[in-house]
Amino acid sequence: MSELRWNPQLQQWVIVATHRQDRTYKPPAEFCPLCPTKPGAFPTEIPAEDYEIVVFENKFPSLKTPPPEMAVEGSDLYPVKPAEGICEVICYSPNHTLTLGEAPVEHIYNLIQVWTDRYQELGSKPEINYVFIFENRGEAVGVTLHHPHGQIYAFPFIPPTPEKELAAAKQHHEKHGRCLYCDILKQEREDRKRIVCENANFTAMVPFYARYPYEVHILANRHVGALTDLTEQEQWDLAEILKELITRYDNLFGFQLPYIMVLHQKPTKGDYPEYHFHFEFYPFNRTETKLKYLAGVESGAGTFITDMSPEDQAERLRGVKI
Ligand SMILES: [Zn+2]
Ligand SMILES: [Zn+2]
Ligand SMILES: [Zn+2]
(Lines give C-alpha, C1' and ligand atoms only; values in the text may rest on other atoms or scores of the structure.)
(Ligands and ions follow the chains in the order given, each with its own letter.)
Protein backbone atom coordinates (compact mmCIF):
# COMPACT_ATOMS: atom_id res chain seq x y z
CA MET A 1 0.00 0.00 0.00
CA SER A 2 1.28 3.37 -0.91
CA GLU A 3 -0.01 6.82 -1.80
CA LEU A 4 0.88 10.46 -2.20
CA ARG A 5 -0.45 12.67 0.59
CA TRP A 6 -0.64 16.42 0.11
CA ASN A 7 1.02 18.49 2.81
CA PRO A 8 -1.12 21.68 2.81
CA GLN A 9 1.24 23.42 5.24
CA LEU A 10 4.18 23.30 2.83
CA GLN A 11 2.15 22.64 -0.32
CA GLN A 12 4.05 19.56 -1.36
CA TRP A 13 3.46 15.84 -1.85
CA VAL A 14 4.73 13.26 0.62
CA ILE A 15 5.17 9.65 -0.51
CA VAL A 16 3.83 7.16 2.02
CA ALA A 17 5.36 3.77 1.13
CA THR A 18 4.95 1.38 4.04
CA HIS A 19 6.14 -1.65 2.04
CA ARG A 20 9.67 -0.19 2.03
CA GLN A 21 10.09 -1.15 5.70
CA ASP A 22 11.31 -4.65 4.71
CA ARG A 23 13.95 -3.55 2.24
CA THR A 24 17.38 -5.18 2.32
CA TYR A 25 19.49 -3.53 4.99
CA LYS A 26 23.29 -3.56 4.85
CA PRO A 27 23.78 -7.19 3.74
CA PRO A 28 27.29 -8.70 4.10
CA ALA A 29 29.38 -8.45 0.90
CA GLU A 30 28.89 -12.13 0.00
CA PHE A 31 25.11 -11.61 -0.07
CA CYS A 32 25.20 -8.38 -2.05
CA PRO A 33 22.05 -8.26 -4.24
CA LEU A 34 23.77 -5.92 -6.72
CA CYS A 35 26.75 -8.17 -7.53
CA PRO A 36 26.50 -10.47 -10.58
CA THR A 37 25.11 -13.96 -9.90
CA LYS A 38 28.08 -16.31 -9.73
CA PRO A 39 27.63 -19.94 -10.87
CA GLY A 40 26.33 -22.03 -8.00
CA ALA A 41 26.03 -19.02 -5.69
CA PHE A 42 22.82 -17.43 -4.43
CA PRO A 43 20.86 -15.52 -7.11
CA THR A 44 21.25 -11.76 -6.86
CA GLU A 45 19.02 -9.08 -8.42
CA ILE A 46 21.08 -9.49 -11.58
CA PRO A 47 20.73 -12.92 -13.23
CA ALA A 48 24.00 -12.68 -15.15
CA GLU A 49 27.58 -13.71 -14.43
CA ASP A 50 28.87 -10.34 -15.47
CA TYR A 51 27.63 -6.96 -16.62
CA GLU A 52 28.91 -3.52 -17.58
CA ILE A 53 26.21 -1.24 -16.23
CA VAL A 54 22.78 -2.54 -15.38
CA VAL A 55 19.43 -0.83 -14.78
CA PHE A 56 16.43 -2.51 -13.22
CA GLU A 57 13.24 -1.57 -11.44
CA ASN A 58 13.63 -1.01 -7.71
CA LYS A 59 12.29 -3.99 -5.78
CA PHE A 60 11.01 -1.67 -3.06
CA PRO A 61 9.72 1.25 -5.13
CA SER A 62 8.29 4.41 -3.65
CA LEU A 63 6.49 5.07 -6.95
CA LYS A 64 5.10 2.36 -9.21
CA THR A 65 3.16 1.94 -12.47
CA PRO A 66 0.42 0.83 -12.22
CA PRO A 67 0.30 2.41 -8.77
CA PRO A 68 -0.48 0.29 -5.70
CA GLU A 69 -3.84 0.59 -4.02
CA MET A 70 -4.12 3.59 -1.72
CA ALA A 71 -4.36 2.86 2.01
CA VAL A 72 -6.52 5.92 2.81
CA GLU A 73 -9.18 8.10 1.24
CA GLY A 74 -8.50 11.77 0.67
CA SER A 75 -10.60 14.81 1.51
CA ASP A 76 -10.69 18.51 0.69
CA LEU A 77 -8.31 19.20 3.53
CA TYR A 78 -6.13 16.16 2.88
CA PRO A 79 -5.87 15.40 -0.85
CA VAL A 80 -4.30 12.05 -1.75
CA LYS A 81 -3.40 10.48 -5.07
CA PRO A 82 -1.90 7.21 -6.29
CA ALA A 83 1.88 6.87 -5.95
CA GLU A 84 2.31 6.47 -9.67
CA GLY A 85 5.76 6.60 -11.23
CA ILE A 86 8.85 4.47 -11.70
CA CYS A 87 11.85 3.81 -9.47
CA GLU A 88 14.96 2.29 -10.97
CA VAL A 89 18.37 1.22 -9.68
CA ILE A 90 21.55 1.64 -11.76
CA CYS A 91 24.50 -0.56 -10.82
CA TYR A 92 27.60 1.27 -11.95
CA SER A 93 29.77 -1.82 -12.37
CA PRO A 94 29.98 -5.50 -11.35
CA ASN A 95 32.83 -4.57 -8.98
CA HIS A 96 31.49 -4.47 -5.41
CA THR A 97 33.77 -1.63 -4.32
CA LEU A 98 34.60 0.39 -7.45
CA THR A 99 33.49 3.99 -7.13
CA LEU A 100 32.98 6.48 -9.95
CA GLY A 101 36.25 8.17 -9.01
CA GLU A 102 38.13 4.93 -9.68
CA ALA A 103 36.23 3.98 -12.84
CA PRO A 104 37.91 4.73 -16.20
CA VAL A 105 36.58 7.81 -18.03
CA GLU A 106 35.14 5.51 -20.76
CA HIS A 107 33.07 3.74 -18.14
CA ILE A 108 31.63 7.01 -16.81
CA TYR A 109 30.98 8.03 -20.43
CA ASN A 110 28.94 4.83 -20.82
CA LEU A 111 27.07 5.61 -17.62
CA ILE A 112 26.20 9.04 -19.07
CA GLN A 113 24.71 7.21 -22.09
CA VAL A 114 22.62 5.11 -19.71
CA TRP A 115 21.43 8.17 -17.76
CA THR A 116 20.55 9.89 -21.06
CA ASP A 117 18.63 6.87 -22.26
CA ARG A 118 16.66 6.53 -19.00
CA TYR A 119 15.86 10.27 -18.92
CA GLN A 120 14.48 10.01 -22.45
CA GLU A 121 12.68 6.69 -22.05
CA LEU A 122 11.07 7.37 -18.66
CA GLY A 123 10.34 10.98 -19.58
CA SER A 124 8.43 9.89 -22.69
CA LYS A 125 5.81 8.06 -20.59
CA PRO A 126 2.59 10.08 -20.41
CA GLU A 127 2.32 9.91 -16.60
CA ILE A 128 5.89 11.14 -15.96
CA ASN A 129 6.70 14.83 -15.51
CA TYR A 130 10.12 14.75 -13.96
CA VAL A 131 13.01 12.28 -14.15
CA PHE A 132 15.23 12.60 -11.11
CA ILE A 133 18.62 10.85 -11.30
CA PHE A 134 20.70 10.68 -8.12
CA GLU A 135 23.16 8.75 -6.00
CA ASN A 136 23.33 8.36 -2.24
CA ARG A 137 26.82 7.33 -1.26
CA GLY A 138 28.08 6.22 2.13
CA GLU A 139 26.47 5.10 5.36
CA ALA A 140 26.44 8.67 6.64
CA VAL A 141 23.86 9.37 3.93
CA GLY A 142 21.79 6.36 4.94
CA VAL A 143 22.87 3.95 2.23
CA THR A 144 21.64 0.41 2.89
CA LEU A 145 23.50 -1.32 0.02
CA HIS A 146 27.23 -0.66 -0.31
CA HIS A 147 27.67 -1.79 -3.91
CA PRO A 148 28.15 1.45 -5.91
CA HIS A 149 24.84 2.31 -7.52
CA GLY A 150 22.62 5.22 -8.36
CA GLN A 151 18.86 5.57 -8.55
CA ILE A 152 16.18 7.17 -10.68
CA TYR A 153 12.79 8.39 -9.54
CA ALA A 154 10.43 9.16 -12.41
CA PHE A 155 7.86 11.45 -10.78
CA PRO A 156 4.27 12.15 -11.85
CA PHE A 157 4.84 15.75 -10.67
CA ILE A 158 7.73 18.23 -10.55
CA PRO A 159 9.27 17.88 -7.08
CA PRO A 160 9.63 21.05 -4.95
CA THR A 161 13.39 21.67 -5.31
CA PRO A 162 13.51 21.57 -9.12
CA GLU A 163 10.20 23.45 -9.16
CA LYS A 164 11.72 26.25 -7.10
CA GLU A 165 14.79 26.37 -9.35
CA LEU A 166 12.61 26.46 -12.46
CA ALA A 167 10.61 29.37 -11.06
CA ALA A 168 13.79 31.26 -10.11
CA ALA A 169 15.29 30.69 -13.59
CA LYS A 170 12.08 31.92 -15.18
CA GLN A 171 11.94 35.00 -12.99
CA HIS A 172 15.60 35.85 -13.66
CA HIS A 173 15.01 35.45 -17.37
CA GLU A 174 11.96 37.71 -17.32
CA LYS A 175 13.83 40.39 -15.39
CA HIS A 176 17.19 40.33 -17.18
CA GLY A 177 16.55 38.52 -20.44
CA ARG A 178 19.36 36.08 -19.59
CA CYS A 179 19.77 32.64 -18.08
CA LEU A 180 20.38 32.63 -14.32
CA TYR A 181 22.94 29.81 -14.57
CA CYS A 182 24.79 31.39 -17.51
CA ASP A 183 25.05 34.54 -15.36
CA ILE A 184 26.36 32.47 -12.41
CA LEU A 185 28.94 30.83 -14.67
CA LYS A 186 30.10 34.18 -16.01
CA GLN A 187 30.48 35.58 -12.49
CA GLU A 188 32.38 32.52 -11.23
CA ARG A 189 34.72 32.42 -14.18
CA GLU A 190 35.58 36.06 -13.55
CA ASP A 191 36.03 35.58 -9.77
CA ARG A 192 37.73 32.16 -10.01
CA LYS A 193 37.84 31.88 -6.19
CA ARG A 194 35.16 29.21 -6.00
CA ILE A 195 36.09 27.14 -9.06
CA VAL A 196 37.33 23.65 -8.14
CA CYS A 197 38.14 22.32 -11.61
CA GLU A 198 37.03 22.90 -15.20
CA ASN A 199 37.47 21.78 -18.77
CA ALA A 200 36.34 23.03 -22.16
CA ASN A 201 32.68 22.20 -21.58
CA PHE A 202 32.05 22.01 -17.81
CA THR A 203 32.80 24.00 -14.67
CA ALA A 204 32.79 22.56 -11.13
CA MET A 205 32.48 25.10 -8.36
CA VAL A 206 31.48 25.60 -4.77
CA PRO A 207 28.45 27.88 -5.03
CA PHE A 208 28.69 31.35 -3.46
CA TYR A 209 25.74 30.26 -1.31
CA ALA A 210 26.81 26.63 -0.59
CA ARG A 211 24.63 24.93 2.03
CA TYR A 212 26.55 21.67 2.60
CA PRO A 213 30.25 21.34 3.46
CA TYR A 214 32.27 21.03 0.23
CA GLU A 215 29.09 21.32 -1.82
CA VAL A 216 29.96 21.45 -5.51
CA HIS A 217 27.84 22.18 -8.57
CA ILE A 218 28.93 21.13 -12.04
CA LEU A 219 27.46 23.34 -14.75
CA ALA A 220 27.51 22.80 -18.49
CA ASN A 221 29.32 25.79 -20.00
CA ARG A 222 26.85 25.84 -22.86
CA HIS A 223 23.20 26.65 -22.20
CA VAL A 224 21.63 23.18 -22.30
CA GLY A 225 18.56 21.92 -20.45
CA ALA A 226 19.22 18.20 -20.14
CA LEU A 227 21.60 15.32 -20.83
CA THR A 228 19.83 14.74 -24.12
CA ASP A 229 21.12 18.12 -25.41
CA LEU A 230 24.81 17.24 -24.94
CA THR A 231 27.17 16.61 -27.85
CA GLU A 232 29.47 13.60 -27.78
CA GLN A 233 32.44 15.79 -26.85
CA GLU A 234 30.42 17.30 -24.00
CA GLN A 235 29.56 13.82 -22.73
CA TRP A 236 33.28 12.96 -22.64
CA ASP A 237 34.13 16.18 -20.86
CA LEU A 238 31.34 15.54 -18.37
CA ALA A 239 32.74 12.05 -17.67
CA GLU A 240 36.16 13.56 -17.15
CA ILE A 241 35.06 16.28 -14.74
CA LEU A 242 32.90 13.83 -12.74
CA LYS A 243 35.92 11.57 -12.33
CA GLU A 244 38.13 14.47 -11.30
CA LEU A 245 35.69 15.88 -8.76
CA ILE A 246 34.97 12.50 -7.16
CA THR A 247 38.71 11.76 -6.99
CA ARG A 248 39.22 15.10 -5.26
CA TYR A 249 36.45 14.21 -2.80
CA ASP A 250 37.98 10.80 -2.11
CA ASN A 251 41.45 12.24 -1.57
CA LEU A 252 40.22 15.12 0.59
CA PHE A 253 40.22 13.10 3.83
CA GLY A 254 41.61 9.84 2.44
CA PHE A 255 38.31 7.93 2.42
CA GLN A 256 35.31 7.74 0.15
CA LEU A 257 33.52 10.94 1.05
CA PRO A 258 29.82 10.28 1.72
CA TYR A 259 27.68 12.45 -0.51
CA ILE A 260 24.41 12.88 -2.33
CA MET A 261 24.75 13.54 -6.05
CA VAL A 262 21.75 14.89 -7.96
CA LEU A 263 21.11 15.83 -11.57
CA HIS A 264 18.86 18.81 -12.14
CA GLN A 265 17.44 18.70 -15.64
CA LYS A 266 14.41 20.29 -17.26
CA PRO A 267 11.07 18.51 -16.72
CA THR A 268 10.11 16.03 -19.40
CA LYS A 269 6.77 17.71 -20.17
CA GLY A 270 6.33 21.37 -21.07
CA ASP A 271 8.78 23.95 -22.32
CA TYR A 272 11.55 25.33 -20.10
CA PRO A 273 13.98 27.18 -22.39
CA GLU A 274 15.38 29.23 -19.51
CA TYR A 275 16.56 26.23 -17.46
CA HIS A 276 20.19 25.09 -17.40
CA PHE A 277 21.26 21.52 -16.68
CA HIS A 278 23.65 20.89 -13.77
CA PHE A 279 24.82 18.43 -11.13
CA GLU A 280 24.80 19.14 -7.41
CA PHE A 281 26.91 17.27 -4.86
CA TYR A 282 26.10 17.49 -1.15
CA PRO A 283 28.80 15.92 1.03
CA PHE A 284 28.14 15.38 4.74
CA ASN A 285 31.60 15.67 6.32
CA ARG A 286 32.54 19.01 7.83
CA THR A 287 35.87 17.47 8.83
CA GLU A 288 37.45 14.06 8.69
CA THR A 289 35.49 12.97 11.75
CA LYS A 290 32.62 15.42 12.08
CA LEU A 291 29.40 15.12 10.13
CA LYS A 292 27.04 17.89 9.21
CA TYR A 293 23.57 17.23 10.60
CA LEU A 294 20.49 18.97 9.39
CA ALA A 295 19.52 20.16 12.85
CA GLY A 296 17.05 22.71 14.23
CA VAL A 297 17.82 25.71 12.07
CA GLU A 298 18.17 23.68 8.87
CA SER A 299 15.27 21.29 9.47
CA GLY A 300 12.90 23.58 11.32
CA ALA A 301 13.62 26.97 9.82
CA GLY A 302 14.97 25.91 6.43
CA THR A 303 18.06 28.07 6.80
CA PHE A 304 21.46 26.48 6.43
CA ILE A 305 24.51 27.45 8.46
CA THR A 306 28.01 26.59 7.22
CA ASP A 307 31.12 27.04 9.31
CA MET A 308 33.66 27.25 6.47
CA SER A 309 33.53 29.84 3.72
CA PRO A 310 32.76 28.56 0.22
CA GLU A 311 35.98 30.24 -0.97
CA ASP A 312 38.06 28.25 1.57
CA GLN A 313 36.21 25.03 0.68
CA ALA A 314 37.02 25.55 -3.01
CA GLU A 315 40.65 26.28 -2.19
CA ARG A 316 40.95 23.05 -0.18
CA LEU A 317 39.37 20.99 -2.96
CA ARG A 318 41.66 22.62 -5.52
CA GLY A 319 44.68 21.76 -3.38
CA VAL A 320 43.84 18.05 -3.11
CA LYS A 321 46.41 15.85 -4.86
CA ILE A 322 44.82 13.72 -7.59
ZN1 LIG B 1 28.07 -6.10 -4.66
ZN1 LIG C 1 22.17 28.99 -19.22
ZN1 LIG D 1 19.97 22.62 -8.97
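A brief report on the enclosed structure follows. (Residues numbered from 1 in each chain as written. Chains lettered and ligands numbered in written order. Predicted model: local features only at pLDDT ≥ 70, side-chain atom pairs only at ≥ 80, totals over all residues.)

### What about the sheet that holds strand S8 (residues 195–198)?
Step number 1: On the basis of which strands lie adjacent, the open sheet formed by nine strands has the order S3-S5-S7-S6-S11-S12-S10-S9-S8 and antiparallel pairing. Among the strands making up the open sheet, the edge pair consists of strand S3 (54–57) and S8. Pairs of neighbouring strands in the sheet enclose a mean axial angle of 20 degrees, with direction left out of account.
Step number 2: Of the strand pairs in this sheet, strand S6 (residues 130–137) and strand S11 (residues 259–264) are connected by four bridges, and their pairing is antiparallel. By the bridge assignment for S11, Glu135 is matched with Met261.
Step number 3: The sheet contacts of helix H1 (residues 105–123) involve S3, strand S5 (86–91), S6 and strand S7 (149–155), and relative to S6 the element is tilted by about 140 degrees. (Pairing = 2+ DSSP bridges. Helix = DSSP H or I, 4+ residues; strand = E, 2+ residues; numbered from the N terminus. Axes fitted to C-alpha atoms, helices over the stretch in contact; angles between N-to-C directions. Contact = placed C-beta atoms within 7 Å.)

### What to know about the nonpolar core
Step number 1: Judged by nonpolar contacts, the single largest core of 66 residues is most densely connected at Val131, Val196, Ala204, Val216 and Leu245.
Step number 2: Broken down by element, this core gets its largest block of residues, seven residues, from helix H4 (residues 232–252).
Step number 3: Looking at this core, you find at least three residues from each of domain 1 (1–19 + 61–83) and domain 2 (24–59 + 85–319).
Step number 4: With sequence-adjacent residues up to four places away left out, Leu245 is seen in contact with Val196, Cys197, Ala204, Val216 and Ile218. (Core = buried A, V, L, I, M, F, W, Y, C linked by C-beta atoms within 7 Å. Buried ≥ 20, exposed ≤ 12 C-beta atoms within 10 Å, placed from the backbone. Domains from an automatic or database assignment.)

### Considerations on the environment of His146
Step number 1: Locating His146 in the fold gives a position in the loop between S6 and S7.
Step number 2: What makes His146 partly exposed here is the crowd of 17 C-beta atoms within 10 Å.
Step number 3: Sequence spacing of His146 and Val80 is 66 residues, and the spatial spacing of their C-alpha atoms is 34 Å.

### Regarding the environment of Met308
Step number 1: Position of Met308 among the secondary structure elements: in the loop between helix H5 (296–301) and helix H6 (310–319).
Step number 2: Note on Met308: 14 C-beta atoms within 10 Å, which makes it partly exposed.
Step number 3: When the C-alpha positions of Met308 and Arg211 are compared, they lie 10 Å apart, and in sequence the two are 97 residues distant.
Step number 4: Discounting residues that sit within four places of it in the chain, Met308 has contacts with Pro213 and Gln313.

### Comments concerning the packing of H1 against H4
Step number 1: At a closest axis distance of 8 Å, the pairing of H1 and H4 adopts a crossing angle of 120 degrees. Taken together, the axis directions place H1 and H4 in an arrangement best described as oblique. Viewed along their axes, H1 and H4 form a crossing whose handedness is right-handed. Between H1, through Val105, Ile108, Tyr109 and Ile112, and H4, the contact on the second element is made entirely by Gln235, Trp236, Leu238, Ala239, Glu240, Leu242 and Lys243. (Parallel < 35°, antiparallel > 145°, perpendicular 65-115°, else oblique. Left-handed = near helix turned anticlockwise from the far one by under 90°.)

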